[in-house]
Amino acid sequence: LELFDAPGAADGVIPQGVGNITGRNMSDLEFNPAGLILYFGDITTSQVGFMNTDVNSPQFGLNTGSMNIPGPAPVETPMSLSVTPDGENLYALTQQLTGPVARSLVHWPINPLDGSEDAGPTRTVISAGGALRHERFVVSPRGDAAVRTEYGSPLHLMNLGTLVDIDATPPVQFANVEVDF
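Now for a quick tour of the structure. (Residues numbered from 1 in each chain as written. Predicted model: local features only at pLDDT ≥ 70, side-chain atom pairs only at ≥ 80, totals over all residues. Heavy atoms only, no water.)

### With respect to the sheet that holds strand E14 (residues 164–168)
Just so we agree on the cut-off: Pairing between two strands is assigned when DSSP locates at least 2 bridges connecting them. To qualify as a helix, a DSSP run of H or I must reach at least 4 residues; to qualify as a strand, a run of E must reach at least 2; elements of each kind are numbered from the N terminus. Every axis in this analysis is a line fitted to C-alpha atoms, fitted for helices over the stretch in contact. Angles between the N-to-C directions lie between 0 and 180 degrees.
Taken in spatial order, the four strands make up an open sheet running E11-E12-E13-E14, and their pairing is antiparallel. In this open sheet, the two edge strands, each paired with only one partner strand, are strand E11 (136–139) and E14. This sheet shows a mean twist of 25° between the axes of neighbouring strands, independent of strand direction. Two elements, strand E13 (residues 156–159) and E14, share four bridges in a ladder whose sense is antiparallel.

Below, the structure is given as structure tokens:
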């Protein structure tokens, strides 16, 4: 993962690398709405890490922290990340990559300026069993709903406050589908 500073890219200036995280496999990347923090799902450590992307900060380009996925061992891995429009809530859709397959949704209240946890995470188990799948979780622009995809399962429109389905489509075969509002 490499972060570039590109202030003159529109004028043909070559962007300069300013931050680099090596030796890890990333599952997803998500900027907070203000563009000050980049969150990344780290498959190597089964954590959500974050990098400072504020060009005016002395920590610009640095990996400034990480958040652990709660739950029993072996720890689930973050596969899809989404941030609410106010930048105050981070969600990670997780999967168990070793042992019996399980899926959860983890929520962190976060500080929108530095990306750190404001309170401990909560974990909601979504399902267990089945095969490993590429899945997505995307918060709506209003921040009150989200869409969750799961291969071979309905497309779920969820109430973000309760994490209960508002509606679900008939089962569809999603394969590496990117969802966005």
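### Re the pairing of strand E5 (residues 47–52)
Here is the rule we go by: For the exposure calls, accessible area comes from a 1.4 Å probe over protein chains only, and a residue counts as buried if that area is under 20% of its type's maximum, exposed if over 50%, partly exposed in between.
E5 sits mainly inside the fold: six of its six residues count as buried. Burial along E5 is two-sided: Gln 47, Gly 49 and Met 51 and Val 48, Phe 50 and Asn 52, pointing in opposite directions, are all buried. As paired strands, strand E4 (residues 37–42) and E5 are joined by six bridges and run antiparallel to one another. Residue pairing across strands places Leu 38 opposite Met 51, the latter belonging to E5. Between E4 and E5, which follow one another and run antiparallel, lie four residues, and Ser 46 among them has a positive phi close to 55°. Note that E5 and strand E6 (residues 63–68) share five bridges and pair antiparallel. Counterpart to Gln 47 in the pairing with E6 is Asn 68.

Everything listed here is a matter of coordinates, which is why it stays silent on function.
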